[in-house]
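Inside the fold
These are the residues of each chain, in order.
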Amino acid sequence: MEDATPEYRDALRECGNGLSPWPLTLGGPVGRGKTLAALCMLDYVNGVTFATTFGQWCQSMNEAQQGRLHEPMRYSTRPVTPQMRWDHWKKASVAFCDELGRRTPTEAQCDIMFDMLDYRKGRPTIFATNLTMNEIANVYGKHIVSRLLKGTTVWSEGNDRRITGG
């Protein structure tokens, strides 16, 4: 986690130690290390973790609703229902949703985001976004921002660390 920006690293430690409330929203321009910081946190967790991008989550929920999502079993596969997907999300010790706001969401995707927050209320959950809270309010609605702001929000300004090397 030492490669993460100090802002993200400190926020993860504070939330992880119960000093700051969940959910934790890591915000900042592209390349600031939001995903790196969150995935490092997941490496420290003793228990089940769950990581997805918002787009992947919405796609998998759509496929589950249409009966097109299956999980492997020993000698076959079984259909995955939306409820099974939500159960994985709810039961994780720490859940991480990356790329919030990467694409403009549909109304159904805004509802999914609302459910993601409600199902993890007060539990260790990390969201990463390039959008400011005002932009999230414009895209997802004020009710989403209200739930995110109930937790901890950290913004890290600066250059793309992938390009500048730090």
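The structure under discussion appears in the preceding block.
Structure report, in brief. Residue positions are counted from 1 within each chain, in the order its sequence is given. Given that the model is predicted, a residue must reach a pLDDT of at least 70 before its local features are reported, and side-chain atom pairs must reach 80 or more before they are shown or counted; all residues, however, enter totals for whole chains, interfaces and linings. The basis for every side-chain value is the complete set of heavy atoms in the structure, and neither hydrogens nor water enter the calculation.

1. Some thoughts on the nonpolar core
Quick reminder of the rule: The term nonpolar core refers to a set of buried residues drawn from Ala, Val, Leu, Ile, Met, Phe, Trp, Tyr and Cys, joined through side-chain atoms within 4.5 Å. Burial classes: relative accessible area under 20% of the type maximum marks a residue as buried, over 50% as exposed, and values in between as partly exposed (1.4 Å probe, protein chains only). For the purposes of this entry, the term helix denotes a DSSP run of H or I that reaches at least four residues, the term strand denotes a run of E that reaches at least two, and both are numbered from the N terminus. The criterion used for residue contact is that any of the two residues' heavy atoms lie within 4.5 Å.
Among the nonpolar cores identified, the biggest contains 24 residues, and Phe54, Trp89, Met113, Met116, Ile136 and Leu148 are the most heavily contacted of them. If you list the elements that add at least two residues to this core, you get α3 (54-65), α4 (82-91), β5 (94-100), α5 (107-119), α6 (133-140) and α7 (142-149). Here this core takes five residues from α5, the largest share from any one element. Discounting chain neighbours no more than four positions away, the residues touching Met116 are Phe54, Trp57, Trp86, Trp89 and Cys97. Ala4, Leu12, Ala38 and Val154 belong to the second-largest nonpolar core, a separate cluster that totals 18 residues.

2. Topic: the sheet that holds strand β6 (residues 125-129)
For the record, the criterion: In short, DSSP must find at least two bridges between two strands for them to pair. To obtain an axis, a line is fitted to C-alpha atoms, over the contacting stretch when the element is a helix, and the angle between two such axes runs from 0 to 180 degrees between their N-to-C directions.
Read from one edge to the other, the open sheet built from five strands follows the order β2-β5-β6-β1-β7, with strand pairing classed as parallel. Of all strands in the sheet, those with a lone pairing partner are β2 (49-53) and β7 (152-155), marking the two edges. Neighbour-to-neighbour, the strand axes of this sheet turn through a mean angle of 15°, independent of strand direction. Pairing of strand β1 (residues 24-27) with β7 involves four bridges; the strand directions are parallel. Counted as the bridge partner of Leu24 is Thr152 from β7. The strands touched by α3 are β2 and β5; relative to β2, the strand with the most contacts, the crossing angle is about 95°.

3. Quick word on the packing of α5 against α7
Convention followed: Each angle is binned into one of four classes, with values under 35 degrees roughly parallel, values over 145 roughly antiparallel, values of 65 to 115 roughly perpendicular, and all other values oblique. Here a crossing is taken to be left-handed if its near helix is turned anticlockwise relative to the far helix by less than a right angle, and right-handed if that turn runs clockwise. Asp, Glu, Lys and Arg are counted as charged, while Ala, Val, Leu, Ile, Met, Phe, Trp, Tyr, Cys and Pro are counted as nonpolar; the rest, among them Gly, fall into the polar class.
For the pair α5 and α7, the least separation of the axes is 10 Å and the interaxial angle reads 25°. Here α5 lies roughly parallel to α7, going by the angle between them. Considering only the axes of α5 and α7, their crossing is left-handed. Counting all contacts with α5, which are made through Cys110, Met113, Phe114, Leu117 and Asp118, the residues of α7 involved are His143, Ile144, Arg147 and Leu148. Partitioning the contact of α5 with α7 into residue classes produces six nonpolar, one polar and two charged.

4. Quick look at the pattern of salt bridges
Note the following rule: Each salt bridge in this description consists of a side-chain nitrogen of Lys or Arg and a carboxyl oxygen of Asp or Glu lying within 4 Å of one another.
According to the stated counting rule, one finds three salt bridges in the structure shown. The salt bridge partner of Arg102 is Glu99, with a shortest N-O separation of 3.8 Å. Given a relative accessible area of 29%, Glu99 falls into the partly exposed group. The residue Asp118 makes a salt bridge to Arg147 at a minimum N-O spacing of 2.9 Å. Note that Asp118 is positioned in helix α5 and Arg147 in helix α7, a separation of 29 residues in sequence.

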